[in-house]
2 protein chains.
Amino acid sequence: MGHSFKIVKPCPQTQARAGALSTSRGTLPTPLFLPVGSQGAVKTLTPEELKAIGVKMVLGNTYHLYLRPGIEIIEKLGGLHRFISWDGPILTDSGGYQVFSLASLRRVSEEGVSFRSHIDGSEHFFTPELVIQLQERLGGDIIMTLDECPPYSTDSGLVREAMERTHRWAERCQRCHRREGQALYGIVQGGVFPELRRESASVLSSLGFPGYAIGGLSLGEPKELTWAMLEETVACLPQDKPRYLMGVGSPEDLFEGVARGVDLFDSALPTRTARNGSLFTPLGRQDIQNARYKDWDEPIDPGCDCYTCHTFSVAYLHHLFKSKDLLAYRLATIHNLRFILKLMEQMRQAILEGSFITLKESFLADYQTTDEETRLAQKQRWLERFG
Amino acid sequence: MGHSFKIVKPCPQTQARAGALSTSRGTLPTPLFLPVGSQGAVKTLTPEELKAIGVKMVLGNTYHLYLRPGIEIIEKLGGLHRFISWDGPILTDSGGYQVFSLASLRRVSEEGVSFRSHIDGSEHFFTPELVIQLQERLGGDIIMTLDECPPYSTDSGLVREAMERTHRWAERCQRCHRREGQALYGIVQGGVFPELRRESASVLSSLGFPGYAIGGLSLGEPKELTWAMLEETVACLPQDKPRYLMGVGSPEDLFEGVARGVDLFDSALPTRTARNGSLFTPLGRQDIQNARYKDWDEPIDPGCDCYTCHTFSVAYLHHLFKSKDLLAYRLATIHNLRFILKLMEQMRQAILEGSFITLKESFLADYQTTDEETRLAQKQRWLERFG
């Protein structure tokens, strides 16, 4: 079975849609969140735990895996699925973003980009053709074109230059991609310039990819700009192809992304914040290390169906974090990921039932506040409910 | 059901015995290894994983839990079993060893021992009575008397003084212990002096405890002395009560302890070495970070039935350790603990079948070598078998 995408139901009030994304390893419900397993593991978790949490597809990263352990080792071990023991679909990012954010001494030319490894300083050269070949050898089910991803900038000349090169590289990626059963997505760039975003989406659309990633957002620009650029981009992408917003993963941002017609998301945020002791609840993020949690006998989120919430009290999690026991990071990761996965399931269900807007508003009213008064009222509700 | 111990079968050639230890939470096969969960968790693992590994009883530590999170919090949360979500038996150590090894500014008097916390420098005072009360509030199934555990010393006067105080403290512990369904074990001391070891074992035996711990060994003394002192001690303990050798847990030491009549062991060694990337195999410990493992497609121990060995290759473990992914420490901990638990199961089976000596000799011939020639031959066998 190859790659295909079907819109099951659109939301009448927003751009949101409930869909079904078919890959060579099964059909996935969208909108969908992909946890980040850049280096071949979703930090702290086993494949069995990911499945129990409801994860359908994980993200691998070409830059990381190329540097360590090396593509030839993964290939020798039977490909990325077998190496990490995950038999569900995998999406690999091309590593463009990592080359432009993690690596040092970058030199970009039309041919490709040279850089030094952030691990050992060794020199490397990525071309669009090499990055496709590496992803073919990894064997992911969805792969990405090589993009030039400049940092957040207000210099439209620089952003245009990178965008146009990204388009030429996308074409080269498309020309050399051979592997059957593997879908290659193009990546839209264009920074925070509406006309560039529209141009990038249109140019890539004309190349006819089976799906489109939206890169270069959430890089530090104001949130309103993020959503404005997302809207410009989506308006120029084909309606019937999946759209993947890269690097977005907070509960509030996922709602905004889905409302604007995004089908796929990935982000390290839920797992990274978990390891920092910041746990998602319907009433906002809670810092588990706060002294007030030291003797609470409830789960961190009484409405949650995850292993952590079913098994342990807030007091125990608080203690594990204070003791720096590695189990702490794991239990928090399970909860935060499940919170996000369940939220996506609820969004999809709401789209199917025509109540997406209602869900979004009621969730965000509880979760997200901006003024101090609301924040205090929220705190009070939290204390009344669980305190 | 209260505490009782039955010898199911003694080994005809050694002091080893296969037994059954009954606690208020079920009957356990002995010899048995207890993983260390000093601070309320066996580092990195959930209760479900411990059960899957074959763990029957875990160790908690009064010193650690008293300092953090505090006994009143655990009591408020319903006791240690509920706090850590472990419904099997728990043995709590009194914390005597930790006061004498981790805490600072100790002052010992007949009344008790004052010390400063290794966490925040706060001052505390442990008496035999307090330590029993704390353990009653924690609610472990087997608890320990407060002992004075001096460092390894060749000054018999000092060691005698600590030992005699340990005996008086043991009596005070026994007098004040009230909680039903909780067995209080005495702790033998006496350093590396045969006459003190015999005296300590005899004095404690005369007090009539339901079980006896052997403390103050494996503190840096030569191994021959460890085993000689163990023999002196066991010779003066009642035959029909369980014996618990504290702080011993390497595969080779477990064989030596079992051969000398020990029924219970605990040690942080299997879990600590796992987190350092040192994995047990029938051919000795292997450093998973060694470059030769980078592309091995086999489990670290092809004969092992643990989750790690069933699921992942050596190459993947090597990669996780190199990437410092927390999953690495967890998978290694699962393997090392299962290796030890399975070894104990094999020892018990061999005692039942009258083949303990054979098992010990064949295991140690592979696992433990002292001269370089044997080590090289062993390496060769390892490479032939799995290389």
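Computed from a predicted model, the values in this text were never measured in an experiment. (Residues numbered from 1 in each chain as written. Chains lettered and ligands numbered in written order. Predicted model: local features only at pLDDT ≥ 70, side-chain atom pairs only at ≥ 80, totals over all residues.)

**Section: the overall build of chain A**
We apply this condition: Helix numbers and strand numbers start at the N terminus; a helix is a DSSP run of H or I with at least 4 residues, a strand a run of E with at least 2. Our radius of gyration looks at C-alpha atoms and nothing else; its globule reference is 2.2 Å times the residue count to the power 0.38. Labels follow a simple rule on C-beta atoms placed from the backbone: if 20 or more others lie within 10 Å of a residue's own, it is buried; if 12 or fewer, it is exposed; otherwise it is partly exposed. Working definition of a contact: two residues with C-beta atoms, positioned from the backbone, lying within 7 Å.
A tally of regular secondary structure across chain A gives 16 helices and 16 strands. Relative to the globule expectation of 21 Å for 387 residues, the C-alpha radius of gyration of chain A, 21 Å, shows essentially globular dimensions. When its C-alpha atoms are laid out on the principal axes, chain A stretches across 60 × 45 × 40 Å. Relative to its 387 residues, chain A shows a buried fraction of 53%. Counting contacts in chain A only where the partners sit at least 6 residues apart, residues at least 24 apart contribute 66% of the total.

**Looking at helix 8 (residues 194–207) of chain B**
Residue and element names in this part refer to chain B. Heads up, the rule is: Take the residue count of a helix, subtract one, and multiply by 1.5 Å to get its expected span.
With 14 residues, helix 8 should cover 20 Å at 1.5 Å per step; its first-to-last C-alpha distance of 20 Å lies within 8% of that length. Listed in full, the buried residues belonging to helix 8 are Leu196, Arg197, Glu199, Ser200, Ala201, Val203 and Leu204. Packed against the buried residues of helix 8 are helix 7 (156–176), strand 11 (183–188), strand 12 (212–214) and helix 9 (223–235). Of the residues flanking the end of helix 8, it is glycine 208, one or two places downstream, whose phi is positive at about 70°.

**Quick notes on the nonpolar core**
What counts, and what does not: For this analysis, nonpolar core means a set of buried Ala, Val, Leu, Ile, Met, Phe, Trp, Tyr and Cys residues linked through C-beta atoms within 7 Å.
Core analysis: the largest hydrophobic core is formed by 234 residues, its most contacted members being Tyr185 and Leu317 of chain A together with Tyr185 and Leu317 of chain B. Look past the residues within four positions of leucine 317 of chain A in its chain and what remains in contact with it is Ile288, Ile300, Phe312, Ala328, Leu331 and Ala332 of chain A.

**Some thoughts on the domain arrangement of chain A**
Residue and element names in this part refer to chain A. So the rule is basically this: Marked domain ranges trace back to an automatic or database domain assignment. For this scheme, ten residues count as nonpolar: Ala, Val, Leu, Ile, Met, Phe, Trp, Tyr, Cys and Pro. Four count as charged, namely Asp, Glu, Lys and Arg, and the remainder, Gly too, count as polar.
Entries for chain A in the domain assignment read domain 1 (28–234) and domain 2 (274–386). In this structure, domain 1 and domain 2 have C-alpha centres spaced 30 Å apart. Counting from both sides, the interface comprises 13 residues of domain 1 and, opposite them, 14 residues of domain 2. Where the side of domain 1 that touches domain 2 is concerned, the elements lending two or more residues are strand 4 (32–35) and helix 1 (47–53). Grouping the amino acids of the side of domain 1 that touches domain 2 by side-chain chemistry returns nine nonpolar, two polar and two charged.

**Comments concerning the environment of serine 104 of chain B**
All names here are of chain B. Within the element layout of this structure, serine 104 appears in strand 7 (residues 104–108). Separated by 200 residues in the primary sequence, serine 104 and cysteine 304 place their C-alpha atoms 42 Å from one another. Other than its neighbours up to four places away in sequence, serine 104 contacts Phe115, Arg116 and His118.

**What to know about unusual backbone geometry**
With omega at 10°, the peptide bond leading from arginine 68 of chain A into proline 69 of chain A counts as cis. In this structure, the amide linkage connecting threonine 30 of chain B to the following residue, proline 31 of chain B, adopts the cis form with an omega of 0°. For proline 31 of chain B, the location among the structural elements is in the loop between strand 3 (26–30) and strand 4 (32–35). A positive phi is found at threonine 44 of chain B, a non-glycine position, where the angle reads about 80°. On the secondary structure map, threonine 44 of chain B appears in the loop between strand 4 and helix 1 (47–53). Using a count of 25 C-beta atoms within 10 Å as the deciding quantity, one classes threonine 44 of chain B as buried. Positive phi is not limited to glycine here, since leucine 105 of chain B has a value of about 50°.

**A word on the environment of phenylalanine 126 of chain B**
Structurally, phenylalanine 126 of chain B is set in strand 9 (residues 123–126). Placed 27 residues apart in sequence, phenylalanine 126 of chain B and valine 99 of chain B show a C-alpha to C-alpha distance of 8.9 Å.

**A short note on the sheet that holds strand 2 (residues 17–23) of chain B**
All names here are of chain B. Heads up, the rule is: Pairing between strands requires that DSSP locate at least two bridges from one strand to the other. Whenever a helix is involved, its axis is fitted only over the stretch in contact; in every case the axis is a line through C-alpha atoms, and angles between N-to-C directions fall within 0 to 180 degrees.
Taken together, the three strands give an open sheet; going across it, the order is 1-2-3, and neighbouring strands pair in antiparallel fashion. At either end of the open sheet lies a strand with only one pairing partner, and these are strand 1 (4–10) and strand 3. Between one strand axis and the next, the sheet turns by 20° as a mean value, whatever way the strands run. Bridge count between strand 1 and strand 2: six bridges; the pairing is antiparallel. Among the inter-strand pairings, serine 4 is bridged to a residue of strand 2, identified as serine 22. The sheet strands contacting helix 14 (residues 326–353) are strand 1, strand 2 and strand 3, and the helix crosses strand 2 at an angle near 120°.

**Points about the environment of glycine 95 of chain B**
All names here are of chain B. Residue position: glycine 95 is located in the loop between strand 6 (90–93) and helix 5 (96–101). With 33 residues separating them in the primary sequence, glycine 95 and threonine 62 have C-alpha atoms 5.1 Å apart. Once residues within four sequence positions are removed from consideration, glycine 95 is found in contact with Asn61, Thr62, Tyr63, Tyr66, Phe126 and Val131.

**Comments concerning helix 9 of chain B**
Residues and elements named next belong to chain B. Taking 1.5 Å as the rise per residue, helix 9 with 13 residues should run 18 Å; its terminal C-alpha atoms sit 18 Å apart, in good agreement. Within the span of helix 9, buried status applies to Thr226, Met229, Leu230, Glu232, Thr233 and Val234. Those residues of helix 9 that are buried lie in contact with strand 11, helix 8, strand 12, strand 13 (243–246) and helix 10 (251–259).

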